[in-house]
Amino acid sequence: MPIIKVESLTHVYSRGTPFEKVAVDGIDLEIEKGEFVGIIGHTGSGKSTFIQHLNGLLAPHTGRVIIDGADPASSKETARDIRFKVGLVFQYPEYQLFEETVYRDIAFGPRNMGLSEQEIDEHVRRAAYFVGVPESLFESSPLELSGGQKRRVAIAGVMAMRPQVLILDEPTAGLDPAGRENILENICNYHRTTGATVLLVSHSMDDIARIASRLIVFSHGRVALDGAPADVFSHAAELKDMGLAVPQATEIALALKKRGVDIEESIYTINYLRKLLVSLRGEVGPC
Amino acid sequence: MLKNVTLGQYFPGATPVHRLDPRTKLIFLTGYIVALFLAKNWASYALIFFTLAAVSYTAHIKPKTLLSGLKPLLFIVVFTALINLLYGTGEPLYTFWIFRITRQGIHNAIFMVLRIMMLVCGTFMLTYTTSPLSLTDGLELLLNPLKKIRLPVHELSMMMSIALRFIPTLIEETDKIMSAQKARGAAFDTGKLTDRARALLPLLVPLFVGAFRRADELATAMECRCYHGGEGRTRMKQLRFSGIDFAAFSLCALLIAAVCVLRAFGL
Ligand SMILES: Nc1ncnc2c1ncn2[C@@H]1O[C@H](COP(=O)(O)OP(=O)(O)OP(=O)(O)O)[C@@H](O)[C@H]1O
Ligand SMILES: [Mg+2]
């Protein structure tokens, strides 16, 4: 049984006013347990709207969402249960920090779950470890941290609920390269150790090509492409039409192909490209 | 959910009503209200109603939109009507218990309801067709003479425009933070009253922190652009009266005059 099942989901903002906007338009999807799904799409393509349906924050106007066999729209209690199962990290999550100390902020989710103090402590320490927040910061105020540290604390606050599904909306936006790398690594780490299903919304093709095992491309509220990264990135022209880029490695491979070099088109990681180029050079001889 | 709150919502457009100078619209509205309070009989109410209808037709504002704005006032309207209806003076047509329904009472109730409705609709016509910014601009210029008595007119209107500008932003932000905390299991709509009050903390703290951060950033941005109060400040959009403004003034004067005449003759 898939852990997430979405059937002809539609969501319309400001319905019945002159400002009506169809943000999500008939989406059908199934996501299996343990998958690492990358979600990409141009700005305003409905990604954020879509993921807020997966834990019942938004209710579908038509269609339905089934999480692990339960429908979040069925009752308030189910929705709340599902929120602990499906952890959602919003865009710029650092603006949701509110507690006096980092420790208490990370503990907010587990405490809402009704865990015992000891379990809360265990959850908090483990989550902080996953995102690399040192225990020495536990007693400082979240408002005094740097932007990158705040982001980490906010992500830990969701991870601390140990959700079976972790959804992150552009967790690396506005961070420096080292910080981005670090956070992505933390997420991969969480995926590997807990076996959780992860959905990652990102605008960086290179990042997402490297770590996701499946890509879903949104365009104007619909799913335009869905498949393994190699499949998706072989539609380079379509992606460009949607205002999206392909990873740099694919870009280089395509350019080489245009110049008559015999090379695969569906290359999407720098490492694989390097390997191919080295082997090619072996054939051609040093230039 | 919070998106449904409309505070004097503005419908952009390019009709003659939209193009009127905001000062004209403010003065016209004042004149309209004066006429409404001077009106005493069917003929003058009809005249005022006709004016309202003509303006809303010109501005492409549908009657449905105007009426839907009245919804929150339904209670007040019904209440006023009942009071007027049940406590009329004069010859009773019908009595029961302590109430007396009189011809005068019915008459008063109808007029009172009409007056409230037309008053509110008139005010809506202003906010529907004028952007909040040009409204504060107009207000500032109209109140300018009060600077003589040391009223900080410019500062007040600047504060008002900033507040208006940030209402939607704050609503959006509230929505976002609420969703984020709900995602961590916060319950805003269940539990006892004390629980609910405590549940507001995760919402209010980030909201205030955000508001102060914004205020700080805005102040810096204003100072970077050399803002130093209203003294010697010129405007990018100069407000100037044109032909339609004078036409509107004439119409307004005509309306008041007509209502006065009708009142004098007691038609
Ligand atoms: N609260 C809202 N009220 C009205 N319209 C909205 C609201 N939120 C989003 N929209 C509209 O719905 C559409 C989809 O928005 P959404 O935030 O889901 O896009 P997105 O794919 O997440 O974009 P981005 O990459 O910029 O985050 C946009 O056109 C947006 O303007
Ligand atoms: Mg988004």
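Predicted model only: the values in this text are computed from it and were never measured.

Okay, the packing of aromatic side chains next. Residue and element names in this part refer to chain B. Enumeration over the complete set of coordinates arrives at 14 aromatic pairs over all chains. Pairing tryptophan 42 with phenylalanine 111 gives two aromatic rings, centres 4.9 Å apart and planes at 50°, and the pair type is tilted. Of this pair, tryptophan 42 sits in helix α3 (residues 42-58) while phenylalanine 111 is found in helix α6 (residues 103-129), placing the two residues 69 residues apart along the sequence. Here tryptophan 42 falls in the exposed class, since its relative accessible area comes to 51%. A ring pair is formed by phenylalanine 124 and tyrosine 128, whose centres lie 5.4 Å apart and whose planes are at 10°; its orientation type is stacked. One end of the pair is phenylalanine 124 and the other is tyrosine 128, both in helix α6 and four residues apart, which spans about a single turn.

Our next topic: the domain arrangement of chain A. For interface size, the figure often reported is the accessible area lost on association. Residue and element names in this part refer to chain A. You can read the domains of chain A as domain 1 (4-246) and domain 2 (247-287). Using C-alpha coordinates to define each centre, domain 1 is positioned 34 Å away from domain 2. In this complex, domain 1 contributes twelve residues to the contact, which on the side of domain 2 involves nine residues. In this assembly, domain 1 packs against domain 2 so that about 840 Å² is buried in total across both faces, 65% of it on carbon and sulfur atoms.

Turning to the layout of surface pockets, a few remarks are in order. All names here are of chain B. Approximately 1,300 Å³ is the volume attributed to the second largest pocket. As for the second largest pocket, its lining consists of 42 residues, and the residues nearest its centre are Leu133, Asp137, Ser161, Arg233 and Arg235. Elements supplying a minimum of two residues to the lining of the second largest pocket: α1 (16-19), α2 (22-38), α7 (132-143), α8 (153-183) and α10 (201-224). Looking at the lining of the second largest pocket, the element that brings in the most residues is α8, giving seven residues. Class assignment for the residues of the lining of the second largest pocket results in 14 nonpolar, 15 polar and 13 charged. Each of domain 1 (16-145 + 245-265) and domain 2 (152-224) contributes no fewer than three residues to the lining of the second largest pocket.

In this fold, lysine 182 of chain B is placed in helix α8. With a relative accessible area of 19%, lysine 182 of chain B lands in the buried category. Residue contacts for lysine 182 of chain B: discarding those within four places in its chain leaves Leu57 and Arg83 of chain A together with Phe188 of chain B.

Here we come to the site of ligand 1. Near ligand 1 you find 15 residues, and of these Thr43, Gly44, Lys47, Ser48 and Thr49 of chain A are the closest. More than one chain reaches ligand 1: the nearby residues come from chains A and B. Note that an oxygen atom of ligand 1 is positioned 2.7 Å from one of the side-chain N or O atoms of lysine 47 of chain A. Taken by itself ligand 1 offers 630 Å² of open surface, and the protein chains cover 71% of this. Within the residue set of the shell around ligand 1, elements represented by two or more residues are β2 (21-31) and α1 (47-53) of chain A.

With that settled, the discussion passes to helix α4 (residues 63-70) of chain B. Residue and element names in this part refer to chain B. Buried within α4 are the following residues: Leu66, Gly69 and Leu70. An end-on view of α4 places all buried positions within 110° of arc, on one side of the element. Elements in contact with the buried residues of α4: α3, α5 (74-86) and α6.

The strands that make up a sheet are held in pairs by hydrogen bonds between backbone atoms, and each pair lies either parallel or antiparallel. Residues and elements named next belong to chain A. Strands sit in the order β5-β6-β7-β3-β8-β9 across an open sheet of six strands; the sheet is mixed. Single-partner strands in this sheet number two, and they are β5 (86-89) and β9 (222-227). Each neighbouring strand pair of the sheet contributes to a mean axis angle of 15°, computed without reference to strand direction. Bridge count for strand β3 (residues 36-41) against strand β7 (residues 197-201) is four bridges, and the pairing is parallel. What sits directly across from valine 37, in β7, is leucine 199. Along the sheet face, helix α5 (residues 147-159) touches β5 and β6 (165-169) and points at about 165° away from the line of β5.

With that out of the way, let us pick up the domain arrangement of chain B. Residues and elements named next belong to chain B. Split by domain assignment, chain B resolves into domain 1 (16-145 + 245-265) and domain 2 (152-224). On a C-alpha basis, the centroid separation for the pair domain 1 and domain 2 is 35 Å. Listed as interface residues are seven residues of domain 1 and, on the opposing side, six residues of domain 2. A combined buried area of about 560 Å² lies between domain 1 and domain 2, and 76% of that area is made up of carbon and sulfur atoms. If you look at where domain 1 meets domain 2, you find zero salt bridges. Seen at the junction of domain 1 and domain 2, the total is two residue pairs in polar contact (both at pLDDT 80 or more).

A few words now on the interface of chain A and chain B. Facing 23 residues of chain A, the contacting portion of chain B comprises 20 residues. In total, chain A and chain B occlude about 1,800 Å² of area from one another, counting both sides; carbon and sulfur atoms represent 63% of this. The three residues of chain A that bury the most area against chain B are Tyr95, Gln96 and Phe98 of chain A, which together make up 29% of that side's buried surface. Linking chain A with chain B are one salt bridge. The closest approach of N and O atoms between aspartate 105 of chain A and arginine 184 of chain B, which form a salt bridge, is 3.1 Å. There are four residue pairs in polar contact (both at pLDDT 80 or more) connecting chain A and chain B. Going through the elements one at a time, α2 (76-85), α3 (102-112) and α5 of chain A are the ones with two or more residues in the side of chain A that touches chain B.

Cut-offs used in this document
- Residues numbered from 1 in each chain as written.
- Chains lettered and ligands numbered in written order.
- Predicted model: local features only at pLDDT ≥ 70, side-chain atom pairs only at ≥ 80, totals over all residues.
- Heavy atoms only, no water.
- Phe/Tyr/Trp six-rings, centres within 6.5 Å; stacked < 30°, edge-to-face > 60°.
- Helix = DSSP H or I, 4+ residues; strand = E, 2+ residues; numbered from the N terminus.
- Buried < 20%, exposed > 50% of the residue type's maximum accessible area, 1.4 Å probe, protein only.
- Domains from an automatic or database assignment.
- Contact = heavy atoms within 4.5 Å.
- Buried area = accessible area lost by both parts, 1.4 Å probe.
- 1 Å grid on protein atoms, 1.4 Å probe; cavity = no way out; pocket = protein on both sides within 12 Å on 5 of 7 lines; lining within 4 Å.
- Points joined across faces, edges and corners; volume = space filled by probe spheres on them.
- Nonpolar A, V, L, I, M, F, W, Y, C, P; charged D, E, K, R; others polar.
- Near = heavy atom within 4 Å.
- Polar contact = N/O pair within 3.5 Å; in protein donor to acceptor, adjacent residues only side chain to side chain.
- Areas by Shrake-Rupley, 256 points an atom, 1.4 Å probe, with all protein chains shown as cover.
- Arc of directions from axis to C-beta.
- Pairing = 2+ DSSP bridges.
- Axes fitted to C-alpha atoms, helices over the stretch in contact; angles between N-to-C directions.
- Salt bridge = Lys/Arg side-chain N within 4 Å of Asp/Glu carboxyl O.

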